[in-house]
Amino acid sequence: MDGAETVTAPEWTTADLSDAHGVRLRAAAPVFRSYGGAARFAGEISTLRVSEDYRPVLAALAEPGAGRVLVVDGGGSLRRAILGERLLGVAAENGWSGVIVNGAVRDTALTQGIPVGLRALATVPVRGESGAPTERDVPVEFAGVTFTPGELVWADADGIIVGRAEGAT
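Quick look at the structure, then. This structure is a prediction, so every number in the text was calculated from the model and none was measured.

1. What to know about the pairing of strand S11 (residues 159-163)
Side-chain positions along a regular strand alternate between the two faces of the sheet.
In step 1: Of all the 5 residues making up S11, 4 are buried; the element is thus mostly covered by neighbouring parts of the structure.
In step 2: In this structure, strand S1 (residues 25-27) lies alongside S11, joined through 3 bridges in antiparallel fashion. Counted as the bridge partner of alanine 27 is isoleucine 161 from S11.
In step 3: Here strand S10 (residues 152-156) runs beside S11; their pairing, made up of 5 bridges, is antiparallel. What sits directly across from tryptophan 154, in S11, is isoleucine 161.
In step 4: The loop that links S10 with its antiparallel partner S11 comprises 2 residues.

Here you go:
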């Protein structure tokens, strides 16, 4: 049919990866909602621990992403957003595959139009800014799993899984 678009099956799903690689992968608790324009994303983990401060998140996303996923441990705080439309745009410009936030985000009507995956606990309109110390590329633990820099993370409609799976990207 002229002009018809070919639809192909995804290269992976978290369910298929879990079935194929079982105990080598860890599933995060289903506490995250999707707020980004990419419903499915995967990549090598880079981590950041912050306390209600968006500025270290901006600095990290300003670096070349090379298809990585930034995992931000905001301590589960829902008082202040540590990422919004402007920062997710920076992630897109710099080649990040996705961002997972253990905390709140904002500007979600706009983040859904940016082709980067975004998972977070909730939304709040208040911008974060605390200036508290941060940690970069250290293991962070939340949602029942440890996110270790250099490991892989996959996220889709069924959830988030973490670990190593040979042959899966």
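2. A few points about the packing of aromatic side chains
In step 1: Tallied over the entire structure, the rule returns 2 aromatic pairs.
In step 2: Summarising the aromatic geometry, the rings of phenylalanine 32 and phenylalanine 142 are spaced 6.1 Å apart at their centres and angled 65 degrees between planes, so their arrangement reads as edge-to-face. Note that phenylalanine 32 is positioned in the loop between S1 and strand S2 (33-34) and phenylalanine 142 in strand S8 (residues 140-142), a separation of 110 residues in sequence. When sorted by exposure, phenylalanine 32 lands in the same class as phenylalanine 142, which is buried.
In step 3: Over the aromatic face of tryptophan 12 sits the side chain of arginine 40, whose NZ or CZ is 4.6 Å from the ring centroid.

3. Quick word on the layout of surface pockets
In step 1: Estimated volume of the largest pocket: approximately 170 Å³.
In step 2: Forming the walls of the largest pocket are 14 residues, and the residues nearest its centre are Phe32, Arg119, Asp156, Ala157 and Gly159.
In step 3: The set of elements that each furnish at least two residues to the lining of the largest pocket consists of S2 and S11.

4. Some thoughts on the pattern of salt bridges
In step 1: Taken as a whole and judged by the stated rule, the model has 11 salt bridges.
In step 2: In this structure, the salt-bridge partner of arginine 136 is glutamate 63, at a minimum N-O distance of 3.1 Å. With a gap of 73 residues between them, arginine 136 in strand S7 (residues 135-136) and glutamate 63 in the loop between helix H2 (55-61) and strand S4 (69-73) connect regions that are remote in the sequence.
In step 3: For arginine 136, a relative accessible area of 28% gives the class partly exposed.
In step 4: Between arginine 136 and aspartate 137 there is a salt bridge whose closest N-O contact spans 3.8 Å.
In step 5: The network of salt bridges with shared partners includes Asp53, Arg55, Arg127 and Glu129.

5. A few points about the side chain of serine 46
In step 1: For serine 46, the location among the structural elements is in strand S3 (residues 41-49).
In step 2: The class for serine 46 is buried, based on a relative accessible area of 0%.

6. Some words on the pairing of S3
In step 1: Most of S3 sits out of view: 7 of its 9 residues are buried.
In step 2: As paired strands, S3 and S10 are joined by 4 bridges and run antiparallel to one another. Counted as the bridge partner of phenylalanine 41 is alanine 155 from S10.
In step 3: By the bridge criterion, 5 bridges tie S3 to S4 in an arrangement that is parallel. Counted as the bridge partner of serine 46 is leucine 70 from S4.
In step 4: Handedness of the S3-H2-S4 crossover: right-handed.
In step 5: Across 2 bridges, S3 lies against S7 in antiparallel orientation. Note that in S7 the partner of arginine 49 across the bridge is glutamate 135.

Reading guide: rules and limits
Residues numbered from 1 in each chain as written. Predicted model: local features only at pLDDT ≥ 70, side-chain atom pairs only at ≥ 80, totals over all residues. Heavy atoms only, no water. Buried < 20%, exposed > 50% of the residue type's maximum accessible area, 1.4 Å probe, protein only. Helix = DSSP H or I, 4+ residues; strand = E, 2+ residues; numbered from the N terminus. Pairing = 2+ DSSP bridges. Phe/Tyr/Trp six-rings, centres within 6.5 Å; stacked < 30°, edge-to-face > 60°. Lys NZ or Arg CZ within 6 Å of the ring centre and 35° of its normal. 1 Å grid on protein atoms, 1.4 Å probe; cavity = no way out; pocket = protein on both sides within 12 Å on 5 of 7 lines; lining within 4 Å. Points joined across faces, edges and corners; volume = space filled by probe spheres on them. Salt bridge = Lys/Arg side-chain N within 4 Å of Asp/Glu carboxyl O. Right-handed = clockwise from strand over helix to strand, strands pointing away.

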